[in-house]
Structure formats: C-alpha cells, structure tokens
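Single-letter residue listing:
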Amino acid sequence: MTDTPIITITGLKFAYGDILALDGVTAEIPAGRIGLVGANGAGKTTLLKLLLGVLEPAAGTIKVFDHAVPRDTLQVRSRVGWMPESDCLPPDQTAADFLGYAAELGGLPVRAARQRASDILGLVGLHEERFRYMGEFSTGMKQRAKLAQAIVHDPDLVLLDEPTAGLDPEGRAEMLDLVRRLDEFGINAIISSHVLTDIEYTCDWVVMLDGGKVLRSGPLTDLSTPDVAELEVIGDVAAVAAGAVSRGAAVEVDGAVLTISAPDGDPFLIARDAVLDAGAAFRRLGAQRTTLEDVFMSGEPTDG
Amino acid sequence: MVEGVVFDLGYQPHDGPRLGRSGARRALIKDGLRRVLGLRRKARKKILPATLMAIAVIPALFFTAFGVIAGEFDAAAELFDHENYFNLNGSMALIFVALAASELLIPDRINGTMAVYASRPLTTPDYVMGRAGSLAIVVFGFLWIPHLVLFLGRAWVGSSGFGTYVVDNAAILWKTAVVSVVYFAAYTSIAFLVAAFSKRTAVAAGVFLGIVMLSGLTEALVDAGFSVFGLGAVLDHPGYVKDWILGTNTDTWIPETAGIEPIMSLLVIVTLSIAAGLIVTGRYRRAA
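Residues numbered from 1 in each chain as written. Chains lettered and ligands numbered in written order. Predicted model: local features only at pLDDT ≥ 70, side-chain atom pairs only at ≥ 80, totals over all residues.

S.K.: Is there a simple way to explain the confidence of the model for chain A in this structure?
M.R.: Residues at a pLDDT of 70 or more form 93% of chain A, whose mean pLDDT is 88. Per-element confidence in chain A is highest for helix α3 (residues 95–105) of chain A, whose mean pLDDT is 96, and lowest for helix α10 (residues 292–298) of chain A, whose mean pLDDT is 69. (pLDDT = per-residue confidence, 0-100. Helix = DSSP H or I, 4+ residues; strand = E, 2+ residues; numbered from the N terminus.)

S.K.: Would you mind showing me how to read the interface of chain A and chain B here?
M.R.: Contact with chain A, which involves 34 residues of that partner, is made by 30 residues of chain B. Breaking the side of chain A that touches chain B down by element, the ones donating at least two residues are α2 (73–78), β6 (80–83), α3 and α4 (110–123) of chain A. (Contact = placed C-beta atoms within 7 Å.)

S.K.: When you look at the sheet that holds strand β5 (residues 67–69) of chain A in this model, what are you seeing that I'm missing?
M.R.: Backbone-to-backbone hydrogen bonds join strands into a sheet, with any given pair of strands oriented parallel or antiparallel. Residues and elements named next belong to chain A. Read across the sheet, four strands follow the order β2-β1-β4-β5 without closing on themselves; strand pairing throughout is antiparallel. What marks the edges here is a single partner per strand, and that holds for β2 (19–30) and β5. If you compare each strand with its neighbour and ignore which way they point, the axes differ by 25 degrees on average. (Pairing = 2+ DSSP bridges. Axes fitted to C-alpha atoms, helices over the stretch in contact; angles between N-to-C directions.)

S.K.: What is the right way to look at unusual backbone geometry in this model?
M.R.: Phi is mostly negative for residues that are not glycine, and the peptide bonds are mostly trans. Cis geometry marks the peptide bond from Val69(A) to Pro70(A), where omega comes out at 10 degrees. The topology assignment puts Pro70(A) in the loop between β5 and α2. Despite not being glycine, Phe65(A) has its phi angle at roughly 50 degrees, a positive value. On the secondary structure map, Phe65(A) appears in the loop between β4 (59–64) and β5. Of note, the phi angle at Arg40(B) is positive, near 60 degrees, even though the residue is not glycine. Residue placement: Arg40(B) occurs in the loop between α1 (20–37) and α2 (44–70). Among the residues examined, Arg40(B) registers 18 C-beta atoms within 10 Å and is labelled partly exposed. (Buried ≥ 20, exposed ≤ 12 C-beta atoms within 10 Å, placed from the backbone.)

S.K.: Looking at this model, I keep getting lost on the packing of α3(A) against helix α5 (residues 139–151) of chain A. Mind explaining?
M.R.: What describes two packed helices is the angle between their axes and the distance between those same axes. All names here are of chain A. For the pair α3 and α5, the least separation of the axes is 8 Å and the interaxial angle reads 25 degrees. With respect to each other, α3 and α5 are oriented roughly parallel. Between α3 and α5 lies a crossing of right-handed hand. When α3 is examined against α5, the residues Ala95, Phe98, Leu99 and Ala102 are found in contact with a partner set consisting of Ala145, Ala148 and Gln149. Its residues placed into classes, the contact of α3 with α5 shows six nonpolar, one polar and no charged. (Parallel < 35°, antiparallel > 145°, perpendicular 65-115°, else oblique. Left-handed = near helix turned anticlockwise from the far one by under 90°. Nonpolar A, V, L, I, M, F, W, Y, C, P; charged D, E, K, R; others polar.)

S.K.: Quick question: what am I supposed to make of the pairing of β2(A) here?
M.R.: Along a regular strand, successive side chains alternate from one face of the sheet to the other. Residues and elements named next belong to chain A. In the sheet, strand β1 (residues 5–16) pairs with β2 via nine bridges, with the strands oriented antiparallel. Pairing of Phe14 across the sheet is with Leu22, part of β2. Following β1, the chain reverses through two residues before pairing antiparallel with β2; Gly17 in that reversal takes a positive phi of roughly 65 degrees.

S.K.: Sorry, what's going on with the environment of Leu231(B) here?
M.R.: Residues and elements named next belong to chain B. Tracing the backbone shows Leu231 in the loop between α10 (218–223) and α11 (237–246). You can call Leu231 partly exposed: it has 19 C-beta atoms within 10 Å. Taking the C-alpha atoms as reference points, Leu231 and Val36, separated by 195 residues in sequence, lie 30 Å from one another.

S.K.: I keep staring at the sheet that holds strand β8 (residues 188–193) of chain A and nothing clicks. Help me out?
M.R.: All names here are of chain A. Strand order across the open sheet formed by six strands is β6-β7-β8-β3-β9-β10, with mixed pairing between neighbours. Lying at the two open borders of the sheet, with one neighbouring strand each, are β6 and β10 (213–219). Neighbouring strand axes in the sheet, compared pairwise and without regard to direction, differ in orientation by 15 degrees on average. Pairing geometry for strand β7 (residues 157–161) and β8, over five bridges, is parallel. If you follow Val158 over to β8, its bridge partner there is Ala189. Across the sheet, α5 touches β6 and β7, and the angle it forms with β6 is around 165 degrees.

S.K.: Whenever I open this one, the packing of α3(A) against α4(A) confuses me. Can you help?
M.R.: Residue and element names in this part refer to chain A. Where α3 contacts α4, the axes come no closer than 8 Å and their chain directions differ by 125 degrees. As judged from the angle between their axes, α3 and α4 are oblique. For α3 against α4, the interelement crossing comes out right-handed. Note on element contacts: α4 touches α3 through Val110, Ala113, Arg114, Arg116, Ala117, Ser118, Ile120 and Leu121, opposite Ala95, Ala96, Leu99, Gly100, Ala103 and Glu104. Looking at the contact of α3 with α4, its residues break down into nine nonpolar, two polar and three charged.

This is the structure we're talking about:
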C-alpha cells in the first residue's frame, strides 16, 4: 500500500429526494485494501455508485485515478470492477460464458477474454463449475462468481459491496481470504461492509461513514496503541495491579484484564515485573487495540 | 520419457490491448444476438426462434424449389411475390419481436445484471442501442433474407436469364431492405417500451401483442368518422408504408381509410422509435 491517493473526494453531497444520503463527504483514499464501513443506510453503496458515475453528485467533486467523475466516467469504468451486493448473475448462462462476456465488456479482446474467464474462475475456486448454469449455483458460489466478474477484466480497482453477505462461516472465511489475495493480484479494493471484523481482517485503511458523514478515515494500524499494554492475568489481579501502580503506571482494571500505561516507562516491562512480583501468570500481553467497533460506537469524528 | 512440470502461474495481469468502449459495444451486440437466438442457452430457448425463422424462410425456399421443378416459376411467383411475402413474415416478425424484445431487456434488469454494465465502459444509451442493434440484425435478416432467397430463386429459373433478371429487378432488393427496417422500427419501439416496464418476459410479450392487436379497433373509430385515430393503427402503419415503397396495394390499411398519407405513417413510426428510445434509456439509467 502507498499513501498516494487513488481517490480524492471533496465536499460530496447526494440526496434521494428529501433524504440526504451523503452530506459533505471529504476523504483521500490511498491504494491498497480500503474498508468502507457504516451501519445500514450510512451511505456506503451510494458512495460506491457515485465513484462509478452511476449516480451524479448534488455537490462536491470526485477524482478516481485522476479522472473526474462523472465527467470521465468511461475512463474510470475501464479501470474499475464492481461486485454489487445484490444478485447480478444471469441464471441461464454458464459461468464461463458470462465471465467471458464480462471480460469483453471490460474491453478485452475475445481470445484474451476467454482465457481470463477460465483463469479467474480457477482463482476463485469455480473451475469445476465453469460450465454449469449460474442459476444452479449456491449462495457461496454466486458470491465467488460475482467477485470473478468484478476482476475478470483486470481492473486497477474493485469495489466490493458487502462481499460476505449471506455466506455461512466457511464461505465467509474463504471469501475474505480471496479479498485479501487481491493485493497479490495488484488490484486495489474498496470493501464496503457493516461487519467490522471483516474489515479488520481484510483491510489496511478504513473509511467510516455514519449518517452520510465521514466519521474516520485512516490506516487500521492507528487503531492499536503501542504505548499502552493490555494484560489478561491468571491469578491475583489486584496484586498485579498494585505492583504496576507502585512502579508509576496508571492501571485500569476490567475483570482479569489490566490496561497499563506508563508515561515515564515501558508499560510492558512494568507488566512483566508486576506479574512476577505477584506470583501470577498471564494469558496474553500485547498493545492495547481499539477495535473498529470501539471507534464506531464512540462516534467521535477523527481523520487519519 | 518426457517429464512434465505443472507451474501454478497464479494471477496473470492482462498486458494485451484493451478495446474500450467500441469493444464493449461489440460484445453487447454479440451477446444480444446469442440471447435472441437462444445460442449458448438451454435447448428450449432455441426452439421458438428456430421455428419462427423456419416458417419465415421455408415459403421462399418452397416457391423457389417449386419453380425449379415445375419450370414455371413465374406462375408460382404470382402466388407469392415480394409484396405479399411481407404479410406472412411481417406477422412472424411481430411474434418474434414480442419474444425477443422482452428476452433482451427484462432479464438484465430483473437479474441485476445492469450493475455489471454500470462497471464497464458503456453508457446507458450504448446499452439500449446495443440491444436494439442485436434485434435489428436478427429481425432484418428474418424479414429480408426470404426476399433475397425469392429474388435469387426467380433469377435462377426466370426465362430472361439470371443476369438480366438481376439487373432488371435489383431495385426490389433495396426496397425490401428499407421495408424490413420500417417493420423492425414500428414493432420494436412498442415492444421495447413494454419490456422496459415489465418484470416477466411472457407477460411483456402478451401485453405487446395485445396492444398491437387492439390497435385494430381504431378501424371502427375511423369508420365512425374519427380519422385521427388512424394514427394509432400501429399494426397497419408498416404495411401501409410497405405498399407505398413497393408501389403496390396489397390491402386496405386503416391509415389509408383515414385519409392519412403514407409519409405520415412513416413519421408516426419514426416519432414512436425516438420516443421509445428516450423513455427506455431513462428507465434503464435508473435501473443500474
């Protein structure tokens, strides 16, 4: 991932009639795997449609790969793939035929399109099913086929709208692994989801939307706090906490979990020494990590 | 013995040419042709187009064969000439357009495939024109190829010789081609309008045929003195224009009874086509 923005959005507004879906969204989105999170109705899908030029903004500007949208929509669409949340597969076509067609629609010559269709179906694990009509596919297979059509024309950016919707745990894990692999393929991805753990697993940058506004835009690494230690104690929690406090640390206790911060020292060394002195043990010790859920629930706008 | 090694090449980016919008348009038309003809679809999707095609072409082949065998092709031709042939395959085209228009437009909207088009270098007018282009190719072939067969058959068995017949009668080829386009435009504009607002292909086909058939009721209104209703006789406009272009009079058309000039009928067809194109484009822009 680089910090050079591939998408620049400034003061973006869009409304469905009287309902304001996006209210002055401003963000710079770098290359890599980007999470777009927010509750249902937060404006995620609307933002994706605006990036594709399917919808026209009421105000504001969008630049994707330095092309202004909607003015240069076709140039943008030549470099972008979209996996919509809803179904998009014709049930009376085989996966191979449809993927070949989708690749040709993306501008690939016929022979290359057929070859890419076969290759991509293999990559998403549908090689054996390539000559089956897609109407006979399970939900998991349909999601894979949807992802395949989004990348079959080798785009530079793919927009994935709720890629794990409707999948069972196994299917979800497989889809998330596929999404993580997009990085190896050299394809940037914007993954829209309201499942925060999916975003934490797959993305390295996150844009949080709430009520049509950007709540947070920044790297996921910012969510961990390296100068605060989080310790889960096995044994006398109070004694470990007291030991840490006596070494000048500030301690928060939540059950068996201690959060230790030390402005003038290393909280990890203090945690180690306090555990040793108390004759206790610990189940885990690491940097305090704020989950996306914590940030989202706090509702405080930040910008990374 | 040669030992084989399998390499997992992983993801291979496309380094070759990209055809952009023109490639996308070509792909769209090709897909439309396959869809209309049921190619690369289940067998049942092929039955109806193949049957209608056969019904449209077989009479031309029959009269050609009849002429060859009997050696009296001119007598056979009088039974079934270019003018009357449109009355047969025009009806076949009506049914074909009813089914093909809904098959072209409805599944993309109902199955959500418009989202795929929205992420490709295509505009909504490209989409609508592409779909209409696919149907135009097939319907034109459907209407005009029998005329070509009939023309070549006549030239083959004609007493004046092949070359002389072709030279003397070449005008009928472009005239029948123009008439084929008129039939296509008249039927497809209404069929596309109906399909753009329907959810089921069979219902759309039925509604389209119903509208076209009901337009025959305008005859009663015209007979009652309301001539303006002759403009609504959508089923008769192409036939009336056909007789005008071919210089024949094969039937009494409702617009003719209403005192409407053939050019006016042609204008109705053109206006309907433009209006349908705009409405369908607006509808599909929202569907993406």
